[in-house]
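In case you want the letters, here they are:
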Amino acid sequence: MLEGKRVRIKAKDRIFEGLVMPSATDTLVIKLDSGYNVGFKDYELLEVIEDEKVVVESPELERKAGLPEIKIISTGGTIASKVDYKTGAVTSQFSAEEIVSEVPELAELCNIDAELLYNILSENMKPAYWIELARGVYKTLKKGYDGVIVTHGTDTMSYTASALAFMLSTPKPVVFVGAQRSSDRPSSDAAMNLICAAQAATADLGEVAVVMHATTNDDFCYIHRGVKVRKLHTSRRDAFQSVNYPPLGKVEYPSGKITWMAERFKRGERGLELRDKLEEKVVLIKFFPGLRPDVLEYYHQEGYRGFVIEGTGLGHVSTDWVDTVKRVCEDSVVVMTSQCLWGRVCDRVYDTGRYLLKAGVVEGEDMLPEVALVKLMWLLGNYDVDEARRKVGENLVGEMTPTTGYCGKVL
Ligand code: ASP
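Structure report, in brief.

Rules behind the numbers
One numbering rule holds for all chains: residues counted from 1, following each sequence as written. Two thresholds apply to this predicted model, a pLDDT of at least 70 for residue-level local features and 80 or more for giving and counting side-chain atom pairs, whereas whole-chain, interface and lining totals are computed over all residues. Note: side-chain values were computed over all heavy atoms of the structure, leaving out hydrogens and water. Under the DSSP-based scheme used, a helix requires at least four consecutive residues in state H or I and a strand at least two consecutive residues in state E, with every element numbered from the N terminus. The globule rule is 2.2 Å times the number of residues to the power 0.38, and the radius of gyration it is compared with is taken over C-alpha atoms. With a 1.4 Å probe rolled over the protein chains alone, any residue whose accessible area is under 20% of its type maximum counts as buried; one over 50% counts as exposed, and the rest are partly exposed. Contacts are residue-level and defined by heavy atoms, with any inter-residue pair within 4.5 Å sufficient. Using a 1.4 Å probe, the Shrake-Rupley method yields the accessible areas, and only the shown protein chains count as cover for residues. His is not counted, nor are the chain ends, whereas Lys and Arg count as positive and Asp and Glu as negative. By convention, the charge on Lys lies at NZ, on Arg at CZ, on Asp at CG and on Glu at CD. One heavy atom suffices: a residue is near a molecule or strand as soon as one of its heavy atoms comes within 4 Å of it. In protein, a polar contact requires one atom able to donate a hydrogen and another able to accept it; more generally it is a pair of N or O atoms within 3.5 Å, and residues adjacent in sequence count only if both atoms are side-chain atoms. Ring pairs are drawn from Phe, Tyr and Trp, using the six-membered ring of Trp, whenever the two centres fall within 6.5 Å, and their geometry is named by plane angle: stacked under 30 degrees, edge-to-face over 60, tilted for the rest. Criterion for a charge above a ring: Lys NZ or Arg CZ within 6 Å of the ring centre, and within 35 degrees of the ring normal. In short, DSSP must find at least two bridges between two strands for them to pair. Throughout, an axis means a line fitted to C-alpha atoms (over the contacting stretch in the case of helices), and angles, computed between N-to-C directions, take values from 0 to 180 degrees. Whenever Lys or Arg places a side-chain nitrogen within 4 Å of a carboxyl oxygen from Asp or Glu, that contact is recorded as a salt bridge. Nonpolar core, defined: a set of buried Ala, Val, Leu, Ile, Met, Phe, Trp, Tyr and Cys residues in which side-chain atoms within 4.5 Å join the residues together. An angle counts as roughly parallel when it lies under 35 degrees, as roughly antiparallel when it exceeds 145, as roughly perpendicular when it falls between 65 and 115, and as oblique in every other case. In this scheme, a crossing is called left-handed if the near helix is turned counterclockwise away from the far one by less than a right angle; it is called right-handed if the turn is clockwise. Polar here means any residue other than Ala, Val, Leu, Ile, Met, Phe, Trp, Tyr, Cys and Pro, which are nonpolar, and Asp, Glu, Lys and Arg, which are charged; Gly is therefore polar.

**Notes on the overall build of the protein chain**
And step 1. Within the protein chain one finds 11 helices and 21 strands.
And step 2. Relative to the globule expectation of 22 Å for 411 residues, the C-alpha radius of gyration of the protein chain, 23 Å, shows essentially globular dimensions.
And step 3. Along the three orthogonal principal directions, the C-alpha set of the protein chain runs to about 70 × 55 × 35 Å.
And step 4. By the burial criterion, 53% of the 411 residues in the protein chain qualify as buried.
And step 5. Long-range pairs, those at least 24 residues apart, make up 71% of the contacts in the protein chain between residues at least 6 apart in sequence.
And step 6. Counting every atom, the protein chain has about 18300 Å² of accessible surface; 49% of that belongs to carbon and sulfur.
And step 7. The average position of the 51 basic charges and that of the 60 acidic charges among the side chains of the protein chain differ by 4 Å.

Put into structure tokens, the structure is as follows:
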């Protein structure tokens, strides 16, 4: 068992040294001193440098009267990787004491309890995990906590945030936070993001939000609406951007000053309610020139009744899709979104769009494709097809900006 131990190995005619990380396969994963993880299949073990795990000494946490009570639920991702790194543990004990010893500023803002729900990279998330998380957040809020912070990998954070936004009506902040760079790297955004998230979790907010670096400097974070945000860069610290709606607010660092920037659900505005059913047989299809409509037929025959299409421009697929779309629409919901991301779908401008509307397609307005996917999973989990078709075009939790008139501002 090498996990958690420091080793020196020879691979590809070079010597590598670092800490052995947990790995689900037979690949040896080493965290190098630069902070990068590297995997090796063929290697020669030269030396186990330290045979002892490094134990993190954590001070006893003192609760301060009058501070808000916040629960941190950890699901994994880069933001959790420092704790792995130091303890070398396969399943890190992500305790409140450990978090506060890493980011002591948090203890000035709130009293923290922590729960390790998962320790996974977010590409391994599944709808069943979204449900378990929603139940966990619901129970936490029911116990009287003032807010919840969910630490999460950045790759699919907005899917999970959207799933919670539909499943959970919350009177308090539910704040997702992650990191683009792990906390053992000099340019890490982990601590600042967590501090900003704590500011948002104790603020006058009553919805699911995502808090991440707003710029490449350490000057402020944005509070994004969970159903209006997307990771738009693979590695930059300001990768998260609100799309088709302004960020709800900004949190200055280190002062913690919050400036609200858009209409939001406020603390206490909505009741606490959980509707945690999701239909998993919903698919998101990105159209490209030449893609044949058989792909719709395939999923339809597999029993799928929810389809989100990421169409071109204002919301198009090629004209040879129309007959298939019409057949599928008879007993399914088909929603059109746009690959452009920015702007609103309008199928009333070109012929193709008009044919699609006639075939039964619902315009996804200015919803992000992945948000439309999660929304449809939730709707088909809770309503019959006709009701789901009606509701998918309505704004439920701020996922689409309502508009009046002919395709809103498009024309
Ligand atoms: N692939 C990682 C994840 O999403 C990246 C990160 O944590 O930010 O879990």
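**Digging into the site of the ligand**
And step 1. G77, T78, L121, S122, E123, G153, T154, D155 and A179 make up every residue found near the ligand.
And step 2. Here an oxygen atom of the ligand sits 2.6 Å away from a polar atom, N or O, in the side chain of S122.
And step 3. Interatomic distance of 2.5 Å between a side-chain N/O atom of T154 and an oxygen atom of the ligand.
And step 4. Considering the ligand on its own, with 260 Å² of exposed area, one finds that the protein chains cover 88% of that surface.

**Quick word on the packing of aromatic side chains**
And step 1. With the rule as written, the count across this model stands at eight aromatic pairs.
And step 2. Between F16 and F40, the aromatic rings sit 4.8 Å apart at their centres with planes inclined by 50°, giving tilted as the arrangement. Of this pair, F16 sits in strand 2 (residues 14-21) while F40 sits in strand 4 (residues 37-40), and the two are 24 residues apart along the sequence. Summarising the burial analysis for this pair, F16 and F40 share the class buried.
And step 3. Summarising the aromatic geometry, the rings of F166 and W378 are spaced 6.3 Å apart at their centres and angled 25° between planes, so their arrangement reads as stacked. Here W378 lies in helix 10 (residues 369-382) and F166 lies in helix 5 (residues 157-167), a separation of 212 residues in the sequence. Across this residue pair, the class does not change: F166 and W378 are buried.
And step 4. Of the aromatic side chains, those joined through ring pairs into one cluster are F166, W378 and Y383.
And step 5. The lysine or arginine in question, K250, covers the ring of F220, its NZ or CZ lying 4.2 Å from the ring centre.

**A short note on the sheet that holds strand 15 (residues 249-252)**
And step 1. In space, the eight strands of this open sheet follow the order 7-6-8-10-11-12-15-16, with mixed pairing throughout. Across the chains shown, the open sheet's two edge strands, defined by having one partner strand only, are strand 7 (111-116) and strand 16 (258-260). This sheet shows a mean twist of 25° between the axes of neighbouring strands, independent of strand direction.
And step 2. Pairing of strand 6 (residues 69-74) with strand 7 involves six bridges; the strand directions are parallel. Within strand 7, the residue paired with S74 across the bridge is L116.

**Observations regarding the pattern of salt bridges**
And step 1. Inspection of every chain in the model, using the stated rule, returns 26 salt bridges.
And step 2. Residues D331 and R305 are paired through a salt bridge, measuring 3.4 Å at the closest nitrogen-oxygen approach. With D331 in the loop between helix 8 (322-329) and strand 20 (333-338) and R305 in the loop between helix 7 (294-301) and strand 19 (306-311), this residue pair connects regions lying 26 residues apart in the sequence.
And step 3. For D331, a relative accessible area of 31% gives the class partly exposed.
And step 4. Between R344 and E365 there is a salt bridge whose closest N-O contact spans 2.8 Å. Taken as a pair, R344 in the loop between strand 20 and helix 9 (351-359) and E365 in the loop between strand 21 (362-363) and helix 10 lie far apart in primary sequence, 21 residues in all.
And step 5. Since its relative accessible area comes to 15%, R344 is described here as buried.
And step 6. Connected via shared salt-bridge partners are R6, R8, E17 and E47.

**As for the pairing of strand 8 (residues 147-151)**
And step 1. Within strand 8, five of the five residues are buried, leaving the element largely enclosed by the surrounding structure.
And step 2. Residue alternation in strand 8 divides its side chains into two sets, G147, I149 and T151 and V148 and V150, and both sets are buried.
And step 3. Relative to strand 8, strand 6 is paired through five bridges, and the arrangement is parallel. Looking across to strand 8, one finds that I73 is bridged to V150.

**Thoughts on the nonpolar core**
And step 1. Core analysis: the biggest nonpolar cluster contains 51 residues, and V137, V174 and F176 have the highest contact counts within it.
And step 2. Those elements giving two or more residues to this core turn out to be helix 4 (127-142), strand 8, helix 5, strand 10 (174-177), strand 11 (208-213), strand 20, helix 10 and helix 11 (385-392).
And step 3. Ignoring sequence-local partners within four residues, the contact set of F176 consists of L133, V150, H152, M157, T160, A161, L164, V208, A209, V210 and V211.
And step 4. Of all hydrophobic cores here, the second largest spans 32 residues; its members include V175, V177, C196 and A209.

**Considering the environment of E132**
And step 1. Along the chain, the position of E132 falls in helix 4.
And step 2. With 15 residues separating them in the primary sequence, E132 and L117 have C-alpha atoms 8.9 Å apart.
And step 3. For E132, the residues in contact, after removing those within four places along its chain, are L117 and Y118.
And step 4. A polar contact of 2.3 Å, which involves the side chain of E132, links it to the side chain of Y118.

**Comments concerning the packing of helix 7 against helix 8**
And step 1. Packing of helix 7 against helix 8 leaves a shortest axis separation of 9 Å and a crossing angle of 20°. Taken together, the axes of helix 7 and helix 8 are roughly parallel relative to one another. Both helix 7 and helix 8 take part in a crossing whose hand is left-handed. Where helix 7 abuts helix 8, its residues L296, E297 and H300 lie against T324, V325, R327 and V328.
And step 2. A breakdown of the residues in the contact of helix 7 with helix 8 according to their chemical character gives three nonpolar, two polar and two charged.

Worth remembering: the numbers are spatial, not functional.
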